[in-house]
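Notes for the structure review
So you can see what is in the structure, the chains are spelled out below.
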Amino acid sequence: MLDAADRLLSTAISRVRQPIESLFNWIEEKTHIQVASKVRSYEGLMVHVFGKIAAALFIFQIKFCS
């Protein structure tokens, strides 16, 4: 069992963590960013990751800001 302070800390962490996890799940769903099997270098990985994030933000802008 957790004491009151630990329960409050756990609740606070959960409240911050949930929206972040939702954002990353949305990015993964829209871009399949985890599929990077053909990346062969650090630079290639960075291009892959930032390209996928840019695509997700572009989709987000079109869908929710127009």
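Everything here concerns the structure above.
In this report, we go over the structure that sits alongside the text.

Reading the values: the criteria
Residues numbered from 1 in each chain as written. Predicted model: local features only at pLDDT ≥ 70, side-chain atom pairs only at ≥ 80, totals over all residues. Heavy atoms only, no water. Axes fitted to C-alpha atoms, helices over the stretch in contact; angles between N-to-C directions. Helix = DSSP H or I, 4+ residues; strand = E, 2+ residues; numbered from the N terminus. Parallel < 35°, antiparallel > 145°, perpendicular 65-115°, else oblique. Contact = heavy atoms within 4.5 Å. Nonpolar A, V, L, I, M, F, W, Y, C, P; charged D, E, K, R; others polar. Expected span 1.5 Å × (residues − 1). Bend = angle between axes of the 7 residues up to and from the residue. Phe/Tyr/Trp six-rings, centres within 6.5 Å; stacked < 30°, edge-to-face > 60°. Buried < 20%, exposed > 50% of the residue type's maximum accessible area, 1.4 Å probe, protein only.

1. Section: the packing of helix α1 (residues 4-31) against helix α2 (residues 42-64)
Where α1 meets α2, the axes come as close as 9 Å, and the angle between the chain directions of the two elements is 95 degrees. It follows that α1 is roughly perpendicular to α2 by the angle criterion. Of the residues in α2, those touching α1 at Trp26, Ile27, Lys30 and Thr31 are Lys52, Ala55, Ala56, Ile59, Phe60 and Lys63. Residue classes in the contact of α1 with α2 are distributed as 6 nonpolar, 1 polar and 3 charged.

2. What about α1?
In this model α1 runs 41 Å from its N-terminal to its C-terminal C-alpha over 28 residues, within 8% of the 40 Å that 1.5 Å per residue would give. By the largest-angle criterion, Arg17 marks the main kink of α1, which is about 25 degrees, and a proline, Pro19, follows within four residues. Directly beyond the C-terminal end of α1, a positive phi value near 55 degrees is found at His32.

3. Examining the packing of aromatic side chains
Here a ring pair, both rings aromatic, is described through the centre-centre distance and the interplanar angle of the planes. Within the structure shown, the criterion is met by 2 aromatic pairs. Measuring from centroid to centroid gives 5.9 Å for Trp26 and Phe60, while their planes differ by 85 degrees, and the two rings are edge-to-face. Of this pair, Trp26 sits in helix α1 while Phe60 sits in helix α2, and the two are 34 residues apart along the sequence. Between the aromatic rings of Phe60 and Phe64, the centroid separation amounts to 5.0 Å while the plane-to-plane angle is 45 degrees, which identifies the pairing as tilted. Highlighted residues: Phe60 and Phe64, both in helix α2, separated by 4 residues, approximately one helical turn.

4. Examining the environment of Gln34
You can see Gln34 is positioned in the loop between α1 and α2. Residue classification places Gln34 among the exposed residues on the basis of a relative accessible area of 69%. As a C-alpha pair, Gln34 and Phe58 span 24 residues in sequence and 18 Å in three-dimensional space.

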